[in-house]
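Per-entry structural report
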Number of protein chains: 2
Amino acid sequence: MKQISGSQSIVFQNAPYIVSAASVVGAKETQGPLGKLFDICAEDNLFGAQTWEEAESTMQKEACILAIGKARVRAEEIRYLYGGDLLRQGIATSMGVEALQIPMFGLYGACSTSGEALALSAMSAAAGYGKYMLAVTSSHFGSAEKEFRFPLGYASQRPLSAHWTVTGSGAFLVKAAEEPDADKAGEAEGRGNSGEGQLGETAAEPAAEPDEGDAATSQLSHVRIAGVTVGKIVDYGLKDSQNMGACMAPAAMDTIVRNFLDMGRTEEDYDRIITGDLGYVGQSILFDLVRGQGYDIRKKHLDCGMTIFDRETQDTHAGGSGCGCAAVTLASFILPKVESGEWKRVLFVPTGALMSTVSYNEGASVPGIAHGIVLEHR
Amino acid sequence: MKQISGSQSIVFQNAPYIVSAASVVGAKETQGPLGKLFDICAEDNLFGAQTWEEAESTMQKEACILAIGKARVRAEEIRYLYGGDLLRQGIATSMGVEALQIPMFGLYGACSTSGEALALSAMSAAAGYGKYMLAVTSSHFGSAEKEFRFPLGYASQRPLSAHWTVTGSGAFLVKAAEEPDADKAGEAEGRGNSGEGQLGETAAEPAAEPDEGDAATSQLSHVRIAGVTVGKIVDYGLKDSQNMGACMAPAAMDTIVRNFLDMGRTEEDYDRIITGDLGYVGQSILFDLVRGQGYDIRKKHLDCGMTIFDRETQDTHAGGSGCGCAAVTLASFILPKVESGEWKRVLFVPTGALMSTVSYNEGASVPGIAHGIVLEHR
């Protein structure tokens, strides 16, 4: 496999596809501007479960099953799952994906986790480690408030700089671009084989278009993960966990500018640059920071946290946030536009604030991290 | 890159090396059987910090810096860092590795995280995504008791099936096997370049031995990560978080037997099969479960949790545990034996119990996960 490789970025020569995506959301998200675009909308945020945590796990499981089903793939055909959530010890993911019995890597990158999961899925697929990879993340307003702030029953007031955690889960099925014949023979035996399958060389040949059979049965056939820019931890020393937009904006700037430098691009090369959940406060800081580096992304920028809720009517203050925010916005709103070719190239940059109640109470700062995913219509 | 590929496993055709490893531990670990083998031994478990969490971060940072230093590599030369710990939202890792400024993937796999980090490091290096990858994990007795059980000041009694969380951090520098000339040119420019570097094809040629210059400056030159077996979540429905050995043993069995099937091997093909932290209770369950599958690993088995503490004198009940337990035992005790050739092939299987205080209090079961790393002397 041949790839252009900048300092933090990978450009895949044989870029994998996102062949299907699924979004599962709660009631407030359903009432928002994207309401009609989601796959599964709950009237009850408990999703039939007894606890917020169990509800979040249910969302993850449903999102995975739906993404797999849309592509008419069986869970046994998926080589590895990359997943995570915001809860301590990632229990929403552990309990959520358990039933699928896919070999899995648990991740934590705060609200940037959907980018982390997509990056690793694409890296694994492009490397020839399997035909299908599954990326999934989730967040839940009830479980997140309990985890990070106060139980809902306290009815605590929130500052205007605070975000509203999205109740939602997004899952994405990533498919390798090429299947050499030797690989196909091995894969056809499914998970039950005993190591005889040989993955062929993933050589630097022009990537084949997906065959017609795939196009007919999959939800998506023109969205490629062309490259990734893996983020560093960026810490400007901010300590206000109720102003996560400000904490994450420097990391978003760092990853966006690094993507430009690594790939020799500017904002002109993207139809949209879409951050995860900077919100209204974080966006204005991001614009300033990026301008300080000599770029102006104002005409190209969207933020999932500002897109998913209506500012005037939904009282969500700085905007939506959470591992699920960027994931369900990608699945429902962004991918269809890339699929149709309305947007030819998008830089998707989920952003995370790295903190816990313990680190906050001990006076530590809240560093940020952001991972960049280059999505292309091809 | 060509590789044999079973259902959950990858065998690398051009297996990456572990070129250096570092271990940092606390006072109790220093007094144990491996005490003389660790790199940095603290007299004070606070490591000069104000809190247990900060102490754990300090350990991670020191382990990373030492592993990098042993291989005479600069942090800028490391392409990606894979790291994790046991604390909520992985703050020991976020705060610990922040100063290194290496693009990073945060992981959570409970006490299996060292296996997860090594697997992803090896997969990334073997795929040609960079020359060096860094894997690091940690745990701390003080921070873990606070996170999962009771603050130390409560002096709570512990059942005999409970583990003692190891205070320690292990870091591992993984190096790709090959460097085509084009790659060398790109890498030489370091992180400051702007995307001109081209990673060449990672073709299926016989792997080169590390050159003399490397052998002279690196700590290790004969330890290869020959393959990995990525674990599934295995849940036998056990709910006792004070008996994690029993919760994790089924996952260890599953991964070990899957490794045998995927790679066409039995226990005879390994000099040692080494689990992370099953302890005395988990080991006997593992033996029974593996025997039920038609294998007998009793003569080949070691457990890091049983190796790191002395059962008679150290009062650690079921044995050591934690993300740091398997990591520091690997760095200090296992790798030197593989390097010397005393052990030609080892299956290293860190095991994790997937739970949080919230899932436990809500009555959820404690599923397990285990990742297998095949280490070979070459």
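Residues numbered from 1 in each chain as written. Chains lettered and ligands numbered in written order. Predicted model: local features only at pLDDT ≥ 70, side-chain atom pairs only at ≥ 80, totals over all residues. Heavy atoms only, no water.

1. Points about the packing of helix H4 (residues 113-126) of chain B against helix H12 (residues 323-340) of chain B
Residues and elements named next belong to chain B.
- At a closest axis distance of 7 Å, the pairing of H4 and H12 adopts a crossing angle of 60 degrees. Judged on the interaxial angle alone, H12 and H4 are oblique. Of H12, the residues touching H4 (which contributes Thr-113, Ser-114 and Leu-118) are Cys-323, Ala-326, Ala-327 and Leu-330.
- Considering only residue class, the contact of H4 with H12 consists of 5 nonpolar, 2 polar and no charged. (Axes fitted to C-alpha atoms, helices over the stretch in contact; angles between N-to-C directions. Helix = DSSP H or I, 4+ residues; strand = E, 2+ residues; numbered from the N terminus. Parallel < 35°, antiparallel > 145°, perpendicular 65-115°, else oblique. Contact = heavy atoms within 4.5 Å. Nonpolar A, V, L, I, M, F, W, Y, C, P; charged D, E, K, R; others polar.)

2. Points about the packing of aromatic side chains
Residue and element names in this part refer to chain A.
- In total, this model carries 16 aromatic pairs over all chains according to the counting rule given.
- Judged by centre distance (6.2 Å) and plane angle (25 degrees), the ring pair of Phe-260 and Tyr-270 falls under stacked. Of this pair, Phe-260 sits in helix H8 (residues 244-263) while Tyr-270 sits in the loop between H8 and strand S12 (272-275); the two residues are 10 residues apart in sequence, bridging distant segments of the chain.
- Residue classification places Phe-260 among the buried residues on the basis of a relative accessible area of 1%.
- Judged by its relative accessible area of 1%, Tyr-270 falls in the buried class.
- Above the plane of the ring of Trp-164 lies Lys-28, whose end atom (NZ or CZ) is 4.2 Å from the centre.
- Sitting above the plane of the Tyr-280 ring, Arg-311 keeps its charged end 3.7 Å from the centroid. (Phe/Tyr/Trp six-rings, centres within 6.5 Å; stacked < 30°, edge-to-face > 60°. Buried < 20%, exposed > 50% of the residue type's maximum accessible area, 1.4 Å probe, protein only. Lys NZ or Arg CZ within 6 Å of the ring centre and 35° of its normal.)

3. Examining the state of the cysteines
- Scanning the model with the defined rule gives 0 disulfides over all chains in all.
- With no disulfide of its own, Cys-325 of chain A lies closest to Cys-304 of chain A among cysteine sulfurs, the gap being 5.6 Å.
- Taking the relative accessible area as the measure of exposure, Cys-325 of chain A reaches 0% and is therefore buried.
- Of all cysteine sulfurs, the one in Cys-111 of chain B lies closest to Cys-323 of chain B, which takes part in no disulfide; the gap is 5.8 Å. (Disulfide = S-S within 2.5 Å.)

4. Considerations on the environment of Met-133 of chain B
Residue and element names in this part refer to chain B.
- Following the sequence through the fold, Met-133 ends up in strand S7 (residues 132-139).
- A sequence separation of 53 residues divides Met-133 from Tyr-80, and the C-alpha atoms of the two residues are 5.2 Å apart.
- In contact with Met-133, other than residues within four places in its own chain, are Ile-78, Arg-79, Tyr-80, Tyr-82, Ser-121, Ser-124, Ala-125, Phe-172, Leu-173 and Val-174.

5. Brief notes about H4 of chain B
Residues and elements named next belong to chain B.
- For H4, spanning 14 residues, the distance from its first C-alpha to its last is 20 Å, which sits close to the expected 20 Å at 1.5 Å a residue.
- With respect to burial, H4 is a largely interior element, 14 of its 14 residues being buried.
- Phi turns positive, to about 85 degrees, at Gly-128, one or two residues after H4. (Expected span 1.5 Å × (residues − 1).)

6. Overview of the pattern of salt bridges
All names here are of chain B.
- In this structure the tally under the stated criterion is 30 salt bridges over all chains.
- Between Glu-147 and Arg-88 there is a salt bridge, with the nearest N and O atoms lying 3.1 Å from each other. You can see Glu-147 sitting in helix H5 (residues 141-148) and its partner Arg-88 sitting in the loop between strand S5 (78-85) and helix H3 (91-97), a full 59 residues away along the chain. Each of the two residues, Glu-147 as well as Arg-88, counts as buried.
- Note that Glu-376 is salt-bridged to Arg-378, the shortest N-O span being 3.2 Å. (Salt bridge = Lys/Arg side-chain N within 4 Å of Asp/Glu carboxyl O.)

7. Some words on the confidence of the model for chain A
Residues and elements named next belong to chain A.
- Per-residue confidence for chain A gives a mean pLDDT of 89, with 88% of residues at or over 70.
- Confidence drops under a pLDDT of 50 for residues 1-5, and excluding neighbours within four residues, the segment shows 33 contacts in the predicted structure.
- Confidence over residues 180-217 falls short of pLDDT 50; this stretch has 81 contacts with residues more than four positions distant or in other chains.
- Interface confidence for the predicted complex, expressed as ipTM, amounts to 0.90; the pTM equals 0.90. (pLDDT = per-residue confidence, 0-100.)

8. Details of helix H9 (residues 279-292) of chain A
All names here are of chain A.
- In this model H9 runs 20 Å from its N-terminal to its C-terminal C-alpha over 14 residues, within 8% of the 20 Å that 1.5 Å per residue would give.
- Taken residue by residue, H9 has Gly-279, Gly-282, Gln-283, Leu-286, Phe-287 and Val-290 as its buried positions. Taken down its axis, H9 places every buried residue within 140 degrees of arc, on the same side.
- Contact partners of the buried residues in H9: H8, S12, strand S13 (301-303) and helix H10 (304-307).
- Just beyond H9, the residue with positive phi is Gly-294, at close to 95 degrees. (Arc of directions from axis to C-beta.)

9. Examining the pairing of strand S15 (residues 345-349) of chain B
Residue and element names in this part refer to chain B.
- Of all 5 residues making up S15, 4 are buried, and the element is well covered by its neighbours.
- Where strand S12 (residues 272-275) lies against S15, 4 bridges are found, and the strand directions are parallel. What sits directly across from Arg-272, in S15, is Val-346.
- Looking at chain direction, S15 and strand S18 (residues 372-377) are connected through 4 bridges and run antiparallel. (Pairing = 2+ DSSP bridges.)

10. Topic: the environment of Arg-291 of chain B
- Inspection of the secondary structure assignment puts Arg-291 of chain B in helix H9 (residues 279-292).
- On the basis of relative accessible area, Arg-291 of chain B is assigned to the partly exposed category, the value being 42%.

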